[in-house]
Amino acid sequence: MGAVDKEGRKLVAPDGGWGWIAVIGVMMVNLSTRSIEPSFGLLFGDKLRDMGVATTGASVIMSALDATINFSGLFVGPLIRKYSYRKVALIGSVLSAVGLITTFPAESMTHILSTYSIMGGLGIGFTLSSTFVALNHYFSKKRGQAIGLSMVGTALGMMAMPQAVHLLLEEYNFHGSLLILGGIALHALVGSMLLQPVEWHVRPEELKKNENEQLENMGKKQENEPEVQSLLLENPQTSVTAISALDDIDKQDPIGSKCTEHVPHTVSNRGVSVHKWSQSVMSKISRMDFTGSCHTHTHVRSHGEDGHLGGLIMKRLRRKHRSAVSDDICKNLRTSEKQSDKIDSGVSASPNHIPYWKRVVHFMDLDLLKDLIYLNILFGLSIFYVAELNFRMIVPFFLNDLGYTKQDTAFFLSMTAVSDILARAVLPPICDRVKIRRRTLFAIASIFLGLSRSVLAEQTEYTALMVTIVISGFFRGATLINFALTISEHCSLEKLPAAFGLHMVAKGLFIAALGPVGGVIRDVSGSFPLCIHSQTLMIFICLVAWGIEYLVTMTSSSSKQDNTDNT
């Protein structure tokens, strides 16, 4: 995070504490705003049939909702950066609830599109991005566990909401049900309030045991340095003079207090040495070091000639550090000149003279699009998302085509959800402990997910279908817990809101371009298995793109290493 406490220790994410309360808050937000999505057909089905736009209307409304959620990413990054993830989550919660509540008197498609799809979609998009950014700020080492637990709550809500909607429709009809669901959505405000600024809960970074041992070894090595110690033993009076000189410099010069190296103060009197350590001495005597690096160049007062302590130490220090100091001075002078030129040009240039497109690029962090690796990540995740969306849409029709009843289909989907939840609950702690990148874990799980779905497409028997669909659900959970984390792993926390927003926009563009492909393949071929295989192909396209990037990166790194070795 870059902040430090009063003692100069780096402040890091709490990785627990209030962070777990934030996880509960995210679960409340997701339960309140996203759980209704799988129950859309159940909630709006009769109303759309009364309007005479049952299938077409449902498709248009859900497509508009999904597009709004994803394209809200254009605004959510700048909003989080300007305000905070907490405020954006509050705004999203209000929009989501108001969208549901204002839909209750709807008697036309236009009304539903305006309130449920656009207003509600903006609210869901804002809460989705801001809650993800909040958890990334609260957790570093346990980030996977936090994301996984928040997703478990969402999955549980999606399992319970269909039953709740069914009961509400029986008791209160369409209009009353929407008002009650809007009231439930307002609970997202409570969850958003729990997303306190992470600055309230950061903790000092703890030094690792090996780092402490290194500091102790450094001190022992310097204590036992034979040349200086023998000089001090030979002339105790001069050693005291040298130490007083260092103390004078320590009092007079406050520069360079950030240095963390240690030097020994050795006071000798008739062969007895007392070693004193001071954290700030090296920095205080680094008068000419503009970078804060700990080169020693000081004047030690001595009443003797070169044979005495003062002269010998001066010779030794000059001989060791003259070239390094000169290089640092020249380098830092050039850096200072460049920085002053930038400041002068920035002061003289009026904001009105900056081109409008540059201001837009800076405000929305569009410079991320220059990062080819980030673009390849977006490509892979977006094409995977299209495959996932099409599979969820196709499976009920696939099971119905095999002759299974709606009750059987519901049971198959419930078992998929159970295995999905199991993966989200069990795997995140394991993923946090293994030393493997999230992107690699996502790719491995994607391979097994694609293969299990292709095997599922060739099954017809009940038992075989149940086994394969449960395995597929488990690998789906394994991929989704690392889906968004591949972005936060690549980007810094400062760039994360914009990076996640652009990721949502990319998903929207790929859905618009490739979303109908699965349906076209099914209509042209008349085969559901072929349609499912095409979605597996999309998953493997993602993996091939990432594999090519890995090979190119490794090749360029090897060539650079060879050039370095040759020089």
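Source: prediction; values computed, not measured. (Residues numbered from 1 in each chain as written. Predicted model: local features only at pLDDT ≥ 70, side-chain atom pairs only at ≥ 80, totals over all residues. Heavy atoms only, no water.)

A.B. asks: Please set out the pattern of salt bridges residue by residue, giving values where relevant.
C.D. replies: Under the criterion given, the structure shown has 10 salt bridges. The salt bridge partner of arginine 453 is glutamate 388, with a shortest N-O separation of 2.6 Å. Here the residue arginine 453 occupies a position in helix α17 (residues 438-457), and glutamate 388 occupies one in helix α15 (residues 372-401), the gap between them amounting to 65 residues. Note on accessibility: arginine 453 and glutamate 388 belong to one class, buried. Arginine 476 is the salt-bridge partner of glutamate 388, the closest N and O atoms lying 2.4 Å from each other. One end of the pair, glutamate 388, is in helix α15; the other, arginine 476, is in helix α18 (residues 462-483), with 88 residues separating them in the sequence. Glutamate 388 gets classed as buried once you look at its relative accessible area, which sits at 4%. Because the salt bridges share partners, they merge into one network encompassing Glu388, Arg392, Asp420, Arg424, Arg453 and Arg476. (Salt bridge = Lys/Arg side-chain N within 4 Å of Asp/Glu carboxyl O. Helix = DSSP H or I, 4+ residues; strand = E, 2+ residues; numbered from the N terminus. Buried < 20%, exposed > 50% of the residue type's maximum accessible area, 1.4 Å probe, protein only.)

A.B. asks: I'd like a description of the nonpolar core, backed by residues and values.
C.D. replies: The biggest cluster of nonpolar side chains holds 76 residues, and the ones touching the most others in it are Phe44, Tyr85, Tyr116, Leu181, Tyr374 and Ile487. With 11 residues, helix α6 (residues 109-138) is the single largest residue contributor to this core. Both domains that furnish three or more residues to this core are identified here as domain 1 (1-205) and domain 2 (367-554). When neighbours within four sequence positions are excluded, tyrosine 374 is seen to be in contact with Leu368, Ile487, His490, Cys491, Ala498, Ala499, Leu502 and His503. Counting residues in hydrophobic clusters, the runner-up holds 15 residues, among them Tyr404, Met466, Phe528 and Ile532. (Core = buried A, V, L, I, M, F, W, Y, C linked by side-chain atoms within 4.5 Å. Domains from an automatic or database assignment. Contact = heavy atoms within 4.5 Å.)

A.B. asks: Pulling in residues and values, what's your account of the environment of alanine 188?
C.D. replies: Mapped onto the elements of the fold, alanine 188 is located in helix α8 (residues 188-193). Judged by its relative accessible area of 0%, alanine 188 is buried. For the pair alanine 188 and valine 29, spaced 159 residues apart in sequence, the C-alpha to C-alpha distance is 4.2 Å. The residues contacting alanine 188, other than those within four sequence positions of it, are Val29, Ser32, Thr33 and Ser93.

A.B. asks: Hey, could you go over the packing of aromatic side chains for me, with residue numbers and the actual values?
C.D. replies: Applying the stated criterion across every chain, the model contains 15 aromatic pairs. Ring plane angle 70 degrees and centroid distance 5.0 Å describe the contact between phenylalanine 384 and phenylalanine 442, whose orientation is recorded as edge-to-face. Here phenylalanine 384 is found in helix α15, whereas its partner phenylalanine 442 is found in helix α17, with 58 residues between them in sequence. The pair phenylalanine 384 / phenylalanine 442 is uniform in exposure class, with both members buried. Taken together, a centroid distance of 5.1 Å and an interplanar angle of 45 degrees make the contact between phenylalanine 412 and tyrosine 462 tilted. Of this pair, phenylalanine 412 sits in helix α16 (residues 406-433) while tyrosine 462 sits in helix α18; the two residues are 50 residues apart in sequence, bridging distant segments of the chain. Residue phenylalanine 412 is classed as buried on the basis of its relative accessible area of 1%. (Phe/Tyr/Trp six-rings, centres within 6.5 Å; stacked < 30°, edge-to-face > 60°.)

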